[in-house]
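# Descriptive structure summary
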Amino acid sequence: MKLKLKIKHKIQLFILLTTLIIYILAIGYISITSKNMAYEDAIKISDNYVKGAAQQVKVYLESYYSSVVDLSTTFLVYKDINEENRRDVIANILTKSLQFNPDFLAVWSTWEPNSIDTLDEQYKNKKGSTVIGNFGHLYYKDGGVIVLDESIESNAVSIYSGDYYQLPKQTKRPVILDPYYYSYTGNKADEVLETSIVAPIIEDNQFLGVVGADIKLSQFQEIVDKIKPFKNSNAFLLSNNGVYVANPNPDWVGKSVEEISPDEAEKYNIIEAIKTGETLSYKSLGLDGSLFYIVYSPIPIGNTSTPWSIGIAVPIDQVMAKAERNFRISILVGIIGLLILSLVIYTISNSITNPILVITNFLKNLSKGHIGKEMRVDIKSGDEIEEMGDALNKSISGLIEKTRFASEIGEGNYDTEIGLLSDYDILGQSLIDMRNKLKIAREEEEARKVEDEKRQWTNEGLALFSDVLRQNNDNLEELAFHVIVNLINYMKANQGGLFIKSDEDNADTCFELIAAYAFDRRKFTKKKIELGEGLVGMCAMEKETVYMTDIPDDYIKITSGLGGSNPKCLLITPLKIEEEVLGIIEIASFNSLEAHEIEFVEKIAQSIASTLSSVKVNERTTQLLEKTQQQAEEMAAQEEEMRQNMEELQTTQEEAARKTVEMESFINALNSTSYVAEYDLNENMTFVNDAYLNLFEIRREEAIGKRHSENIDFTQEQKSQYTQFWNDLRSGKVKKQKTQVSIKGNTYLFMESYTPIYNEEGDIYKILKIANDISEYIEK
């Protein structure tokens, strides 16, 4: 069941309910936010407070650290002091430092043997062999009096092995030792918690010794006791090894945090955080069960690697107490405000709903489609309700005006106007947009009709020229004439011509006018235009359409029986296929050409060029056929002559074969009876027969490449004539000679003939040697 309420009751119910929900959410949000903010503020305050405390402690430690480091630097002037006085000067410096630093319990120095003087050996000899002969001082305060501890030299072995000596020596960096209890008098009752700051004495990267100061740590308890960021909060100071240096509980001082709170130290890695110099924070329960926020801040000390840390423990319940009090006050103020708001809402709802009832009645009539000037309201409330009434009156006036505007548009009057109520009058703007779109649609329809007419004109023209090109493709001149006639007539131009690329001279390209037409008459005009000459030549060279409306007076004139005049426009279009210009169309007209007409000419120019190319190919093919027939007759006669030549060639080949057989027999006989070799013109052997190899008992690989003069016994006369011998062979002379050759202790006498061999070009390229053994004939 749907609950029906008057608007007055809805306003009271919804506003009060919404206010209550918002109030509850706001109180909850404020409460949670204030608590979180209070907690976060406490965390920030604690973090900042502990950082400030860390800086305060650092100032003290840094001042002690600087004093010790300054001492180590001061001792480097020992070379400027007489060797016998050096130890006294160093002792004086130590006592002065202890005197002017009230926080120092003691100052001391220990030097490597023989590091600053040669007195250690003398001292060693005086004291006996149990003393290693080192040099060191330790001064401490006893009741305000500075006392020298003479035991330092007798305890040299323990001094050199202690951390306060070995750590600075190994790291060559200052160190601060972990806290320890010590008594200078040896009495247990005089022990105090202290630490030592030790600095190495280094010269040219060489360790000479150490200087240190003992610092009393009880002074830091006063600093820690003053750190109270919140009620019941407490602070504490820890050394690098986690020993409490200062703590509100005096029983914890000198003890390790692992000893006091082992579980907490292990859980949060407190010792590791202190040693690495990291900030650490966490929540933990105190001894009384309260929840504490605990934060540690590192205290880096000079150039040492042993930072200390200071911590603060803040009870969270103390931090949140103020936030709880503010929450209760917010609840009380909210309840009082809710009662006051209820009374105000009741009064305002009555003043709003009464005028709204009047407006509602008019809107009901408007929803029924009734619009009239009598639908006006008169509200004088002086607030938004009055503005609503004025807006309603303005809307009704606007609707009346829009009704009139719609009626005018319906009658086709697209020029009627209407005033908008404002920049946000969507209905009025929509009516204006509708009128503009209808107006644009009518204009687009008219433009579409024009475009359709242009498209139809182009398509009819393409169909026309398709027939013209198809019917006249066997004669180039007739084709050109019919193309230009139909183009001039279809374009309603006055004069035109068609130029064809001449094929007579490929080196000198020109275009010849083969068809011209003007005023329905064929013109028999002959004209040639070179490539690049005039507008036609430039069009052919640039391969682009030329359209001109500003034509020079002396370029062209259209004449008739009644007179002549310059055309109004000139169109020159190239006939091209794949960027090759085959011809040019030139059209002159008294009427300007439109873009679609120029585009039409460019389209048919492609078809005309293709047809011209086909016609040219056909004509060329016809010429080639005629030439082929003539060549066929000539080839028939040549075939008869070739037949006769083939018969003679066959006879010649048979004779050559017979001679080849004879030559092979001759070569075989020669190889079996003679020693044959071939040499290049550099006297190197390139061929040798088997008889030659058998005689010399060598392999062919060993013989090839050997020079001619190897193994030959020259006479004195032969030696002098050897060079001339080869020059004669290179010049083409045949040579014969007797040659004596020694082969493995045997002497042979050969009769040799040398014959130059020519190649196809008539040049000598090798020497043929034929040798016969005549040794036995000479002996006989």
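Here's a quick rundown of the structure. Since this is a predicted model, take the numbers as computed values, not measurements. (Residues numbered from 1 in each chain as written. Predicted model: local features only at pLDDT ≥ 70, side-chain atom pairs only at ≥ 80, totals over all residues. Heavy atoms only, no water.)

## Describing the environment of P168
- Within the secondary structure layout, P168 lies in helix α6 (residues 163–171).
- Using a relative accessible area of 0% as the deciding quantity, one classes P168 as buried.
- Separated by 31 residues in the primary sequence, P168 and A199 have C-alpha atoms spaced 6.5 Å apart.
- Those residues within four positions of P168 in sequence are excluded, and the remaining contacts are D163, R173, V175, V198, P200, F207 and V210. (Helix = DSSP H or I, 4+ residues; strand = E, 2+ residues; numbered from the N terminus. Buried < 20%, exposed > 50% of the residue type's maximum accessible area, 1.4 Å probe, protein only. Contact = heavy atoms within 4.5 Å.)

## Side note on the packing of aromatic side chains
- By the definition in use, this model includes 25 aromatic pairs.
- Relative to Y282, the ring of Y268 lies with its centre 3.8 Å away and its plane at 10 degrees, an arrangement referred to as stacked. Linking Y268 in helix α9 (residues 262–268) with Y282 in strand β10 (residues 280–285), this pair joins segments that are 14 residues apart in sequence.
- When its relative accessible area of 22% is taken as the criterion, Y268 is described as partly exposed.
- Aromatic rings pair up to connect F236, Y244, W252, Y268, Y282 and Y296 into one cluster. (Phe/Tyr/Trp six-rings, centres within 6.5 Å; stacked < 30°, edge-to-face > 60°.)

## Quick word on the pattern of salt bridges
- Inspection of every chain in the model, using the stated rule, returns 14 salt bridges.
- Note that E752 and K769 form a salt bridge whose closest N and O atoms lie 3.8 Å from each other. You can see E752 sitting in strand β26 (residues 746–758) and its partner K769 sitting in strand β27 (residues 764–773), a full 17 residues away along the chain.
- Judged by relative accessible area, which is 4%, K769 ranks as buried.
- Bridged by salt links that share partners, the residues E683, R707 and R730 form one connected network. (Salt bridge = Lys/Arg side-chain N within 4 Å of Asp/Glu carboxyl O.)

## Looking at the packing of helix α14 (residues 476–491) against helix α16 (residues 595–673)
- Contact geometry for α14 and α16: axes closest at 11 Å, N-to-C directions at 170 degrees. Between α14 and α16, the interaxial angle falls into the category roughly antiparallel. Counting all contacts with α14, which are made through L476, L479, V483, L487, Y490 and M491, the residues of α16 involved are E597, F600, V601, I604, I608, T611, L612, V615 and E619.
- Partitioned by chemical class, the residues of the contact of α14 with α16 number 12 nonpolar, one polar and two charged. (Axes fitted to C-alpha atoms, helices over the stretch in contact; angles between N-to-C directions. Parallel < 35°, antiparallel > 145°, perpendicular 65-115°, else oblique. Nonpolar A, V, L, I, M, F, W, Y, C, P; charged D, E, K, R; others polar.)

## A short note on the nonpolar core
- Residues L61, F220, L237, W308 and I310 are the most contacted members of the largest nonpolar core, which totals 54 residues.
- The greatest single-element share of this core, amounting to 13 residues, is contributed by helix α1 (residues 7–74).
- Judged by nonpolar contacts, the second largest core, of 37 residues, contains L479, C569, I608 and V615. (Core = buried A, V, L, I, M, F, W, Y, C linked by side-chain atoms within 4.5 Å.)

## Here we look at a nonpolar patch on the surface
- A contiguous nonpolar surface patch, about 450 Å² in accessible area, is contributed by L332, I336, I340, V344 and I348.
- With respect to the helices and strands, the residue I348 is situated in helix α11 (residues 316–367).
- On the basis of relative accessibility, which here comes to 42%, the residue I348 falls in the partly exposed class. (Patch = residues over 30% accessible without salt bridge, like charges linked within 9 Å, V, L, I, M, F, W, Y side chains within 5 Å. Areas by Shrake-Rupley, 256 points an atom, 1.4 Å probe, with all protein chains shown as cover.)

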